[in-house]
Amino acid sequence: MPDALLLLSFGGPEGPEDVLPFLENVTRGRGVPPERLAEVAQHYLHFGGISPINALNREIIAALEADLADAGLDLPVYFGNRNWHPMVEDTVARMTADGVRSALVFPTSAWGGYSGCRQYDEDITRARAAVGADAPELVKLRQYFDHPLLIESFADAITAAVARIPAERRAGVRLVFTAHSIPVAADLAAGPPGDGGRLYSRQVADAARLCAAATGFAEYDVVWQSRSGPPQVPWLEPDIVDHLDVLHGKGVDAVVVCPVGFVSDHLEVIWDLDNEAAARAGELGMAFARAATPGTDARFARMIVELIRERTDAGPVRALGDVPGYGCTADGALCAPSCCEPPARPGRR
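Reading guide: rules and limits
Sequence positions are assigned chain by chain, starting from 1 and proceeding in written order. pLDDT decides what is reported in this predicted model: residues at 70 or higher carry local features, side-chain atom pairs at 80 or more are listed and counted, and totals for whole chains, interfaces and linings draw on all residues regardless. Hydrogens and water molecules were not included; the side-chain quantities draw on all heavy atoms of the structure. The salt bridge definition used is simple: a Lys or Arg side-chain nitrogen within 4 Å of an Asp or Glu carboxyl oxygen. Secondary structure elements follow DSSP: runs of H or I no shorter than four residues count as helices, runs of E no shorter than two count as strands, and numbering proceeds from the N terminus. Partly exposed describes any residue whose relative accessible area lies between the buried limit of under 20% and the exposed limit of over 50%, with all areas from a 1.4 Å probe on protein chains only and scaled to the type maximum. Put simply, a nonpolar core is a bunch of buried Ala, Val, Leu, Ile, Met, Phe, Trp, Tyr and Cys residues held in one set by side-chain atoms that sit within 4.5 Å of each other. At least two DSSP bridges between two strands are needed for those strands to be called paired. What counts as an axis is a line fitted to C-alpha atoms, over the stretch in contact for a helix, and the angles between N-to-C directions run from 0 to 180 degrees. The criterion used for residue contact is that any of the two residues' heavy atoms lie within 4.5 Å.

Peer 1: How should I be thinking about the pattern of salt bridges in this particular structure?
Peer 2: A side chain of one charge can pair with a side chain of the opposite charge if their charged atoms are brought near each other. Applying the stated criterion across every chain yields a total of 26 salt bridges. Its salt-bridge partner being Asp274, residue Arg290 comes within 2.8 Å of it at the nearest N-O pair. Highlighted residues: Arg290 in strand β8 (residues 287-290) and Asp274 in helix α10 (residues 267-284), separated in sequence by 16 residues. According to the relative accessible area criterion, Arg290 is buried, its value standing at 12%. Classification of Asp274 by relative accessible area gives partly exposed; the value is 36%. A salt bridge links Arg318 to Glu306; its shortest N-O distance comes to 3.0 Å. Of this pair, Arg318 sits in the segment after α11 (298-312) while Glu306 sits in helix α11; the two residues are 12 residues apart in sequence, bridging distant segments of the chain. Classification of Glu306 by relative accessible area gives partly exposed; the value is 26%.

The following block contains the structure:
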């Protein structure tokens, strides 16, 4: 039986003075020019320099602690981030000081791929190395993109979003799923060798299929958002804003967007969808509604408890999809050698 659970996330600034240092952490070693950082900083400063992600993660933790108690699981929950406080290295040091010898790790990414899975392995490896030989064993829970409770939550959020479309336009509403774009090369490398690559985009497509089926949509689109990096590097397309133009050209006058690739309404969701995409839809005269993310839905914490039970009690593995899920490894080990190779960085061969 593990001694604790670590919720491991991306992190975000909690004040204007945090914004640039946070972005420097996110982009370190990537050769991102200062002017691009300044541009992205304005997205955060538009909301007072505060990303919602840390507060939303604390809400998840509070709900999870209650559900763990109800389930009779005595697991204290710790919180650590990759890019901003509480930093995962500091959290694992505190866990060690508290006498934790083994812990499960829940990453706030449901996906495979470098950014969705392997980078969390690197976080675990780095944090344990920073602590040293006394660091606890850290076992990462599996990818959960097709867990029934996640799909149910998204499906209900889609239904609620459709209800916000004017009644006279609902019959023609188009359902559009979005997830965070990544470089095409990174997607090609996503997954263990021999699995065919493109694990991330295949999982996103499978989750979208499941959500659409659960809400009765026979037709839908899968698009991407939040790309960054130099324009000459191909990323997954189309972009959500560009896709709205295409739909408008086809006569679509109502859109529901479901950010299936995101756990919480953090800054990339509220900026790219609630700001940019919603504004473009308004310019085009399209009715627009964005489905909620599942993080604050009560089923999300229950899902985490089920994932824990899979490890502690050999509970049933509940997965609906047709695409494999991986990710459950100890102490930062990869699922397989060369699994989900990181994308090339400037100057790296």
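That shown, we press on.
Peer 1: Whenever I open this one, the nonpolar core confuses me. Can you help?
Peer 2: Nonpolar side chains tend to gather and get buried jointly when the protein is soluble and globular. In this structure, Phe106 and Ile158 are the most contacted members of the largest nonpolar core, which totals 61 residues. Judged by nonpolar contacts, the second largest core, of 16 residues, contains Val255, Val257, Leu273 and Met286.

Peer 1: Help me understand the sheet that holds strand β2 (residues 77-81) in this model?
Peer 2: Within a sheet, adjacent strands bond to each other through the backbone by hydrogen bonds, running parallel or antiparallel. A sheet is described by the order of its strands in space; here 4 strands give the open sequence β2-β1-β3-β4, paired in parallel fashion. One side of each edge strand has no neighbouring strand; the edge strands of this open sheet are β2 and β4 (137-140). Averaged over all pairs of adjacent strands, the angle between their axes in this sheet comes to 30°, without regard to strand direction. Alignment of strand β3 (residues 102-107) against β4, held across 4 bridges, turns out to be parallel. Along β4, the bridge assignment pairs Ala103 with Leu138. The strands that helix α3 (residues 53-70) touches are β1 (4-9) and β2; relative to β2, the one it contacts most, it runs at about 160°. In the packing of helix α4 (residues 88-97) onto the sheet, contacts are made with β1, β2, β3 and β4, and the angle to β2 comes to roughly 150°.

Peer 1: Even after reading the chapter, I still don't get unusual backbone geometry, so can you show me in this structure?
Peer 2: Both trends apply: most residues other than glycine have a negative phi, and most peptide bonds are in trans. Here the amide bond leading from His85 into Pro86 is cis, since omega sits at 0°, within 30 degrees of zero. Relative to the elements of secondary structure, Pro86 occurs in the loop between β2 and α4. Between Glu237 and the following residue, Pro238, the backbone shows a cis peptide bond with an omega angle of 5°. Phi is positive for Asp331, which is not a glycine, with a value near 60°. Position of Asp331 among the secondary structure elements: in the segment after α11. The class for Asp331 is partly exposed, based on a relative accessible area of 27%. Even without being a glycine, Ser338 presents a positive backbone phi close to 65°. With respect to the secondary-structure elements, Ser338 resides in the segment after α11.

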